[in-house]
Every structure is written in structure tokens, then in C-alpha cells.
Amino acid sequence: FAGIGISGRVGFHMKRRILCFILAFVLAGYYFYNLFRTKARIEQQLKQILDEIDTRPKVVRDALKSVEDEFLNSDFYLSIRKRISSGEHLDKTDWDEIEQHVNSTYSGFTGRLFNLFPMSQIELQTCLLIKLRVPASEIAVALSKSASAISSIRSRLYGKAFKDKGGAKEWDEFILSL
């Protein structure tokens, strides 16, 4: 830098700025590289899940439908739906039971969700209630959130999973297909 007429002090500050710029550029590159790798991993897992769903033989689809119908008519399901519809608060034991029943009915449902990406408790509870076919307005009441907050959670989950803009309805369809 001295060769272009910049004094030693100014040259030092210029070199520092250039070094900071290069460092910021390298860090940004590293961040985007990791983001790309994470996106590719999630897309691969999503593709495997969707392929598994699409390639199920009819006899398996029919058996799963039968298990689901049995669950949706069970005393547990009807009791939970009634409690949610009436605005009753669910405690940790209730959530544990819901998760257990959903996982046994839908073959490791929560494990498949967590393989896509980590979820907060409220996101998991939202997904569980979607799987139980609870309307969004009742999900909001059950989770003590506004209807718009629940809609936002569902849209955000779609974006996390598919790396694309999507609505709450698309997320619900995905959850119901798992």
C-alpha cells in the first residue's frame, strides 16, 4: 500500500479493513455452505418419506387406514377431542399420552418429524393436534395462542421443511400424509 502513496497509519487501517472484509466473506461462505448442506439433507429425508408413502402397496395402505379409523373412533381420541373442543387445558401427562397414541397409530410419527429438523415444544404440539385432525381454531385454544399465531407456526414449519413459501394448509396436508 505504501507504493500508492498512502501513509503508514492509513495503510494499516486500510489493510485491517480489507482483512475484515475477507474474513467476513469467508465466514459468509462457510455459513451458506453449511446452510446448503443442511437443506440438501432435509430435502433427501423429505424425499425418502414421500417416496415411502407413495410406494406403499394397497394392502398396506388399507391396513394403515383401518388402524387410523380404529384410533379415530377410540375412547382415548374421542375423550381428548371433547376436552380440546371444550377448551380444557392439557397437562404434560395428556401430551405424553397423545404423543404415545399418535406414534403407535402412525408408526413413529414424531421421530420422522424430528428427523426433518429440530422442533420446539409448541411446534410439536401443533403437529400432533393437526394429526388428530383438530381444527386450527381449537389448536389455538388448546395451546393458548391466537389463531394467527397458529397459522404462522404452520406456515413457518412448511418453510423449514420444504425451503419454500407455503401456507398453513400445505403443512397440514403434509402432516396428514405422514
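Presented here is an overview of the structure given in this document. Computed from a predicted model, the values in this text were never measured in an experiment.

Describing the pattern of salt bridges
Using the criterion set out here, one finds eight salt bridges in the structure. In this structure, R81 engages E138 in a salt bridge whose closest nitrogen and oxygen atoms are separated by 2.8 Å. Linking R81 in helix α3 (residues 75–85) with E138 in helix α7 (residues 136–142), this pair joins segments that are 57 residues apart in sequence. Looking at R81, the relative accessible area reads 16%, which means it is buried. In this structure, D172 and R154 form a salt bridge, with 2.6 Å as the shortest nitrogen-oxygen distance. Remark: R154 occurs in helix α8 (residues 147–162) and D172 occurs in helix α9 (residues 168–177); sequence separation between them is 18 residues. In this structure, D172 and R154 share a single accessibility class: buried. It is possible to trace a salt-bridge network through shared partners that takes in R83, E88 and D94.

As for the packing of aromatic side chains
Across all of its chains, the model carries five aromatic pairs by this definition. Between F71 and Y106, the ring centres sit 6.3 Å apart and the planes meet at 85°, which makes this aromatic pair edge-to-face. One end of the pair, F71, is in helix α2 (residues 58–72); the other, Y106, is in the loop between α4 (92–105) and α5 (109–116), with 35 residues separating them in the sequence. Overall, Y106 belongs to the buried group, its relative accessible area being 8%. Connected via pairs of aromatic rings, a cluster forms that spans Y158, F162, W171 and F174. In this structure, K131 packs its charged tip against the face of Y106, placed 4.2 Å from the ring centre.

Comments concerning the packing of α4 against helix α6 (residues 121–131)
Between α4 and α6, the shortest axis-to-axis distance is 11 Å and the interhelical angle comes to 55°. The angle between α4 and α6 places the two elements in the oblique class. The handedness of the crossing between α4 and α6 comes out as left-handed. Across the interface between the two elements, W95, I98, E99 and V102 from α4 touch L124, Q125, L128, L129 and K131 from α6. In terms of residue class, the contact of α4 with α6 is made up of six nonpolar, one polar and two charged.

Regarding α8
Here α8 spans 23 Å end to end across 16 residues, near enough to the 22 Å set by a 1.5 Å rise per residue. The set of residues buried in α8 consists of I150, I153, R154, L157, Y158 and A161. The buried residues of α8 all sit within an arc of 135° when viewed along its axis, so they share a single face. K163, located one to two residues past α8, shows a positive phi value of around 50°.

Procedures and definitions
Residues numbered from 1 in each chain as written. Predicted model: local features only at pLDDT ≥ 70, side-chain atom pairs only at ≥ 80, totals over all residues. Heavy atoms only, no water. Salt bridge = Lys/Arg side-chain N within 4 Å of Asp/Glu carboxyl O. Helix = DSSP H or I, 4+ residues; strand = E, 2+ residues; numbered from the N terminus. Buried < 20%, exposed > 50% of the residue type's maximum accessible area, 1.4 Å probe, protein only. Phe/Tyr/Trp six-rings, centres within 6.5 Å; stacked < 30°, edge-to-face > 60°. Lys NZ or Arg CZ within 6 Å of the ring centre and 35° of its normal. Axes fitted to C-alpha atoms, helices over the stretch in contact; angles between N-to-C directions. Parallel < 35°, antiparallel > 145°, perpendicular 65-115°, else oblique. Left-handed = near helix turned anticlockwise from the far one by under 90°. Contact = heavy atoms within 4.5 Å. Nonpolar A, V, L, I, M, F, W, Y, C, P; charged D, E, K, R; others polar. Expected span 1.5 Å × (residues − 1). Arc of directions from axis to C-beta.

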